[in-house]
Structure formats: C-alpha cells, structure tokens
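Listed below are the residues making up each chain.
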Amino acid sequence: MKTKEQIIEDWLDETNRDIPSSDVASLCSEIIGFLASSKAKHFNHITFMSLFTELQLEHSSVEQAKALKALDYISSAKLHLLDMKFQLYETEHEDPIELETELISDAYKTGVLFNPETGEPVENFKEKVFPYFTRTQKLMSIHA
Amino acid sequence: MELTLETKVKLINKRIGWKTMRSQLGKQLGVTAQGADLFINKILASSDKKIEYNNTIDAFWKNLVLGGAHYLRVFKLNEEQSKKAENLFKLQIPDSSFNEIYPYPLQHEDLEKAPMVPTLVDKQTLTDADTSVHINIYCNKSFYTSIEDLESSFLTEEGRELRNSGAEITCKKRYTVQCYNFIAYDSIHNELLLCVDGSQLPRVEAKKEFAALFRLLPKELMLKLSDAINYFSCVENLYSTQDGYIQNVGFLTPDGGTSNMKIKSTGTCVRHDTYHKGGEDAAKILTKFKLTKAWLVASTSNKISVFLPGTRFMLDDPSKKLDEICTKNCLGVHDTLFLLNKIRVAV
C-alpha cells in the first residue's frame with residue numbers, strides 16, 4: 001500500500017515523462033503539489049483565476065498559456081486528477097449556469113447551445129462558455 | 001454670484017456626507033451638533049466668525065472637489081509617452097462659465113446652459129520627497145437617470161388605490177449635475193490617472209465621462225482606453241496585507257458558491273468577524289474577487305476607502321480586466337493618491 005507521498009511522487013514522475021516542455025511540466029508539478037496539499041482538501045470548484053491566485057502566478061498571457069496546457073494535461077485521461085466542466089455566463093453580472101457535458105458536446109457539434117434553464121438558444125455561445133475544474137475520485141482519495 | 005455659507009455647507013454635506021463633515025469640517029470650525037441643520041444654524045449664528053468660517057469652508061471645499069468619491073483608471077506610461085503626457089499640463093485655463101464660480105458649482109439655471117465637454121478650470125502640482133504629480137481639473141455638465149417612486153400628487157385616485165394595494169408605480173427621473181473630473185500625471189511612477197467624479201454620478205454613468213476625459217489626451221500617446229492597468233490581482237493581496245480594515249469582500253467558496261461579507265457600519269474589519277473567520281478556517285480557500293478596504297489617515301483621523309469592483313466572471317475569464325477602482329470618503333487629492341499607493345504595492 002503506497003503512502004500519500006509515494007502516490008504524489010508517481011504522479012509527478014508521470015508528468016515529467018509525458019510533458020516535454022520543462023516550463024509546463026514545472027507548473028504541472030506545482031499545481032499537483034497544491035491540489036494534493038491539505039489546504040486544497042475541500043477545493044471542489046476550481047476556476048482558472050482562483051488557481052492563479054492560490055499559486056500566486058503572474059497575471060500575464062504567457063503564464064495563462066502555460067496554465068492552460070498544464071490544466072489540460074492534469075484533466076486529461078492520462079493523469080486525470082481533475083475533470084474539466086463548463087459553465088455558461090449569459091451576462092457577466094449573473095451567476096453562471098453549469099452545463100452538462102453532453103449539452104456542451106452537442107453544442108460544439110451542432111453550433112447551437114440551449115440555455116438549460118430557459119431552453120432558449122444562446123447567441124454567440126462560444127464567447128459565453130468557460131471551463132472550470134472539479135476533483136476526480138483519484139485526487140480525492142489521497143485526502144481520505 | 002457669491003454663495004451663502006449655508007449653501008456651501010450643504011454642498012459639502014452632499015459631497016462627503018454628514019458623518020465626515022461633522023468630524024472633519026466641524027473640527028476645523030470648532031463647531032459640533034447632532035444634526036446637519038443644527039450644525040448649519042450654529043455656523044450662521046456666529047456672526048463675528050463669519051469671515052473666518054467662510055475662509056475655512058472655502059479651503060475645505062477647494063480640496064474636496066478632488067476628494068469625495070472618484071472612479072479611477074490608471075495607465076502606465078513608458079519614457080516617450082511620459083514626455084508627451086507632460087504637454088497636457090502646459091495648457092492655459094480658458095474663460096468659461098465654470099471658471100466664474102470655481103471651485104463652487106454652477107447653480108441649476110446656469111448649469112443647464114453649461115457645456116457637457118470637460119472644461120479646464122484649474123491646475124495643481126504636488127511635489128515633495130515622494131510625490132510629483134501634475135493635475136488638470138475639469139468641470140462639465142452631466143446627467144444620470146434614476147428610477148424612483150412616482151409622487152402621489154401625479155396619480156389619479158385609481159393610481160393611488162393601485163399603490164395602496166401593493167403596486168409599485170415608478171418613474172424615470174433625469175438629474176443634471178456638475179462633475180469635477182481630473183487628469184493627473186505622476187512622474188515618479190510614470191502613471192497617468194483619469195478620475196471621474198463619483199460623488200455626482202453612479203458608476204454605471206462613469207463610462208461616458210471616462211471616454212470624454214480620454215479624448216482630451218494627446219493622440220501622440222498612442223493609448224487605448226483598454227490599456228488601463230488591471231488591478232484584479234490586488235484583491236487577494238490587499239485582503240491578505242495585514243493593515244487597514246476590510247469592509248466588504250466578495251468571494252467564491254471552495255464548492256463554487258458566491259458569497260459576500262460586509263461589516264456593520266460600526267464594525268472594523270471583516271477579517272475579525274467571528275462568522276467569517278470560522279468560515280475561512282474551515283474552508284481554507286475563499287477566492288476573493290471584490291473588495292472594499294479602508295485605512296485611517298493619521299493626520300485627519302478620517303477613514304478613506306477603496307473599492308475594487310471585481311466580479312465572479314473575472315475568475316473565469318482572465319481576459320476580463322478590473323481596470324476601474326473607486327475611492328471613497330477622500331478629503332482631497334492627497335487621500336486619493338494615498339489609496340493609489342496602497343494598491344500599487346499590492347499589484
């Protein structure tokens with residue numbers, strides 16, 4: 001039975017093997033270390049900028065691009081510590097509406113997204129849909 | 001036309017509020033009272049001090065036009081832009097209706113005829129060991145619309161019955177105001193500030209004022225309004241910095257819920273609120289996106305604050321900038337610059 005530290009070490013090794021760019025791999029390691037920490041034990045709704053804030057990353061387009069790649073990998077089938085989900089902002093000032101994976105997947109195929117609360121088609125939906133992340137069982141298990 | 005003492009005090013009350021006027025202007029005049037009308041009556045009753053009071057009130061108001069509340073957008077300039085920006089502060093002050101009564105505002109009838117274009121009325125330069133700021137002060141007429149209850153005198157009997165049975169009957173009212181906006185150039189930090197009068201206009205109306213001020217900038221600066229500094233990263237840093245008082249904070253909980261915590265008017269800091277502290281200790285991660293933080297200015301014992309009006313949306317879309325901040329309860333431009341310094345450190 002592996003310890004928590006050994007499990008995290010395995011994840012980091014896997015990351016370094018899979019990602020050729022040392023910059024992105026380094027950021028991945030930082031994110032994994034944070035997600036595995038006790039501070040993140042209850043961190044269930046992870047937005048792009050909330051991660052930036054917690055890791056105190058520089059708010060630049062370069063860092064944002066690196067973070068996108070890092071999160072893409074961490075939520076991919078390979079490492080799968082996070083699930084990527086989507087939410088709809090009809091306007092900037094309202095709370096977002098969570099979207100089922102199937103709904104957003106269909107929307108990208110058909111070009112039409114229906115607001116799950118009103119049933120109405122959303123104009124320019126690609127500009128109004130944003131990702132967020134939730135922890136997978138694999139990640140949550142090390143906090144158990 | 002010289003304004004009466006009473007009118008001047010009422011203007012100050014409207015701009016800064018009773019509580020601050022009582023403590024700040026009252027301290028300077030040596031006058032105190034429990035209510036605004038009583039305060040004014042005491043001032044008017046002292047006929048032997050009329051000239052002294054007038055001078056004090058005039059000086060207080062002259063500072064206050066660059067105080068109260070302002071919305072700020074700040075631009076970082078490079079060396080070349082800085083040289084070009086300085087030309088703006090060499091302009092001559094033209095004759096205008098605003099100038100005839102400055103620093104006091106035009107009365108309603110004259111204001112209706114005044115221009116909406118920002119008109120240069122005054123210039124100031126602040127210099128000391130840590131400060132070198134040039135300021136151009138502009139006045140212009142502006143409007144805002146407010147939705148209010150329609151007065152009963154405008155209603156028929158049926159209308160009044162409808163209201164008595166619970167209906168809301170409202171109207172849109174348009175108000176004409178005189179704004180004291182200013183453009184400042186801080187040569188130590190190479191920053192250009194556009195400042196819109198928040199004591200006169202609600203934030204939703206500030207956009208057109210910013211656009212009008214922006215049009216005054218030399219085209220050679222090659223600036224865009226969207227180049228204003230993004231202060232979103234300051235929200236968390238200002239919250240964590242253990243000085244001042246957090247009066248209001250908006251945050252995302254670890255489960256994605258949105259919450260807002262505001263202290264009561266006599267409270268001090270959200271960080272000391274038992275309920276909030278308990279939540280923070282349990283949740284560990286509360287991602288802040290909106291904040292009001294205050295500091296007590298030592299020289300005046302006046303609490304001034306800055307509001308960073310972030311939205312939850314900014315946590316999801318990194319391209320969305322928090323490029324407008326709001327200063328409140330300032331007695332003059334020194335307070336505004338004090339707040340900007342606090343934010344600068346937190347970027």
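Structure's up top.
Residues numbered from 1 in each chain as written. Chains lettered and ligands numbered in written order. Predicted model: local features only at pLDDT ≥ 70, side-chain atom pairs only at ≥ 80, totals over all residues. Heavy atoms only, no water.

Engineer: Could you give an account of the overall build of chain B, with specific residues and numbers?
Structural biologist: Each helix and strand in chain B was counted, giving 13 helices and 10 strands. Its C-alpha radius of gyration of 22 Å places chain B within 12% of the 20 Å reference for a compact globule of 347 residues. Seen through its C-alpha atoms, chain B measures out along the principal axes to roughly 65 × 60 × 45 Å. Across chain B, the mean location of the 45 positive side-chain charges is 3 Å away from that of the 42 negative side-chain charges. (Helix = DSSP H or I, 4+ residues; strand = E, 2+ residues; numbered from the N terminus. Rg over C-alpha atoms; globule rule 2.2 N^0.38 Å. Lys, Arg positive; Asp, Glu negative; His and termini not counted. Charge placed at Lys NZ, Arg CZ, Asp CG, Glu CD.)

Engineer: Please give an account of the sheet that holds strand S5 (residues 191–197) of chain B that cites residues and values.
Structural biologist: To summarise the sheet geometry, strands pair through backbone hydrogen bonds and adopt either a parallel or an antiparallel arrangement. Residues and elements named next belong to chain B. What the 10 strands build is an open sheet, ordered S2-S3-S4-S5-S1-S10-S9-S8-S6-S7; its pairing is antiparallel. Two strands lie at the open edges of the sheet, namely strand S2 (119–127) and strand S7 (258–262), each paired on one side alone. Averaged over all adjacent pairs, the angle separating strand axes in this sheet is 20°, with direction ignored. As judged from the seven bridges shared by strand S8 (residues 287–297) and strand S9 (residues 302–308), these two strands associate in the antiparallel manner. Each bridged residue has a counterpart across the sheet, and for Ala 294 the counterpart in S9 is Ser 305. (Pairing = 2+ DSSP bridges. Axes fitted to C-alpha atoms, helices over the stretch in contact; angles between N-to-C directions.)

Engineer: Help me get a handle on the interface of chain B and chain A, residues and values and all.
Structural biologist: If you look at the interface, chain B gives 22 residues, while chain A gives 23 residues. Interface of chain B and chain A: buried area, both sides summed, is about 2000 Å²; carbon and sulfur atoms make up 61% of it. Here chain B is connected to chain A by one salt bridge. In this structure, Lys 320 of chain B engages Glu 92 of chain A in a salt bridge whose closest nitrogen and oxygen atoms are separated by 3.0 Å. Across the chain B-chain A interface, the total number found is 10 residue pairs in polar contact (both at pLDDT 80 or more). Secondary-structure elements contributing two or more residues to the side of chain B that touches chain A are helix H10 (232–240), helix H11 (274–283) and helix H12 (313–316) of chain B. Looking at which element gives the most residues to the side of chain B that touches chain A, the answer is H12 of chain B, with four residues. Tallied by class, residues from the side of chain B that touches chain A come to 10 nonpolar, five polar and seven charged. (Contact = heavy atoms within 4.5 Å. Buried area = accessible area lost by both parts, 1.4 Å probe. Salt bridge = Lys/Arg side-chain N within 4 Å of Asp/Glu carboxyl O. Polar contact = N/O pair within 3.5 Å; in protein donor to acceptor, adjacent residues only side chain to side chain. Nonpolar A, V, L, I, M, F, W, Y, C, P; charged D, E, K, R; others polar.)

Engineer: Residues and numbers for the sheet that holds strand S2 (residues 97–99) of chain A, please.
Structural biologist: Residue and element names in this part refer to chain A. Pairing in this open sheet of three strands is antiparallel, and the strands run S2-S1-S3 from one edge to the other. Two strands in the sheet have a free side with no partner beyond their single neighbour: S2 and strand S3 (129–135). On average, adjacent strands in this sheet sit at an angle of 45° to one another, irrespective of strand direction. In this sheet, S3 lies alongside strand S1 (residues 82–88) in antiparallel orientation, the contact comprising seven bridges. When the bridges of S3 are listed, Met 84 appears paired with Phe 133.

Engineer: Go over the packing of helix H1 (residues 4–18) of chain A against helix H2 (residues 22–35) of chain A, please, and point to the residues and values.
Structural biologist: Residues and elements named next belong to chain A. Between H1 and H2, the least distance of the axes is 9 Å, while the angle of their chain directions is 160°. Viewed along their axes, H1 and H2 adopt a mutual orientation that is roughly antiparallel. Where H1 crosses over H2, the two elements pack in a sense that is right-handed. On the side of H1, the interface is formed by Ile 8, Trp 11, Leu 12, Thr 15 and Asn 16, while H2 contributes Ala 25, Cys 28, Ser 29 and Ile 32. Split into classes, the residues belonging to the contact of H1 with H2 amount to six nonpolar, three polar and no charged. (Parallel < 35°, antiparallel > 145°, perpendicular 65-115°, else oblique. Left-handed = near helix turned anticlockwise from the far one by under 90°.)

Engineer: Mind laying out the side chain of Arg 271 of chain B, listing which residues take part and the relevant values?
Structural biologist: Residues and elements named next belong to chain B. Summarising the element assignment, Arg 271 is placed in the loop between S7 and H11. No salt bridge is formed by the buried Arg 271; its nearest oppositely charged neighbour, Asp 243, is found at 5.5 Å. Within the structure, Arg 271 has its side chain in polar contact with the backbone oxygen of Tyr 239 (distance 2.6 Å). (Buried < 20%, exposed > 50% of the residue type's maximum accessible area, 1.4 Å probe, protein only.)

Engineer: An account of helix H3 (residues 48–55) of chain A is needed here, citing residue identities and associated values.
Structural biologist: Counting along an α-helix, one turn takes 3.6 residues, and residues three or four places apart therefore face a common direction. With respect to burial, H3 of chain A is a largely interior element, eight of its eight residues being buried. Those residues of H3 of chain A that fall on the buried side of the exposure criterion are Phe 48, Met 49, Ser 50, Leu 51, Phe 52, Thr 53, Glu 54 and Leu 55 of chain A. Structurally, H3 of chain A contributes buried residues whose contacts are with H2 and helix H4 (61–74) of chain A together with H10, S8 and H12 of chain B. Downstream of H3 of chain A by one or two residues, Gln 56 of chain A has phi in the positive range, about 55°.

Engineer: Now, about a negative patch on the surface: what can you tell me, with residues and values included?
Structural biologist: Together, Glu 98, Glu 100, Glu 102 and Asp 106 of chain A make up a region of like negative charge exposed at the surface. Within the secondary structure, Asp 106 of chain A sits in helix H5 (residues 101–110). (Patch = residues over 30% accessible without salt bridge, like charges linked within 9 Å, V, L, I, M, F, W, Y side chains within 5 Å. Areas by Shrake-Rupley, 256 points an atom, 1.4 Å probe, with all protein chains shown as cover.)

Engineer: Any details on the nonpolar core? Residues and values, ideally.
Structural biologist: Among the nonpolar cores identified, the biggest contains 111 residues, and Ile 31 and Ile 74 of chain A together with Ile 12, Phe 39, Ile 135, Tyr 231 and Leu 308 of chain B are the most heavily contacted of them. Tallying contributions element by element places H2 of chain A first for this core, with eight residues. Sequence-distant contacts of Phe 39 of chain B, that is, excluding residues within four places in its chain, are made with Val 9, Trp 18, Met 21, Leu 25, Gly 26, Leu 29, Val 31, Thr 32 and Ala 33 of chain B. If you look at the next biggest cluster of nonpolar residues, it comprises 23 residues, including Leu 77, Phe 89, Leu 213 and Cys 326 of chain B. (Core = buried A, V, L, I, M, F, W, Y, C linked by side-chain atoms within 4.5 Å.)

Engineer: Explain the pairing of S9 of chain B to me, using residue names and the numbers behind them.
Structural biologist: All names here are of chain B. The buried fraction of S9 is high, at six of seven residues. Between S8 and S9, which pair antiparallel and follow one another directly, the connecting turn spans four residues, one of which, Ser 301, has a positive phi of 55°. One ladder, built from three bridges, connects S9 with strand S10 (residues 325–330); its direction is antiparallel. When the bridges of S10 are listed, Val 306 appears paired with Thr 327.

Engineer: Requested: an account of the packing of aromatic side chains, with residues and values cited.
Structural biologist: All names here are of chain B. Within the structure shown, the criterion is met by 13 aromatic pairs over all chains. Taking 6.1 Å as the distance between ring centres and 80° as the angle between the ring planes, the aromatic pair formed by Trp 61 and Tyr 180 counts as edge-to-face. One end of the pair, Trp 61, is in helix H4 (residues 50–64); the other, Tyr 180, is in strand S4 (residues 170–186), and 119 residues separate them in sequence. Across the pair, exposure class does not vary: Trp 61 and Tyr 180 are buried alike. Aromatic pair Phe 75 and Phe 214: ring centres 6.1 Å apart, planes at 40°, arrangement tilted. You can see Phe 75 sitting in strand S1 (residues 68–76) and its partner Phe 214 sitting in helix H9 (residues 206–214), a full 139 residues away along the chain. (Phe/Tyr/Trp six-rings, centres within 6.5 Å; stacked < 30°, edge-to-face > 60°.)

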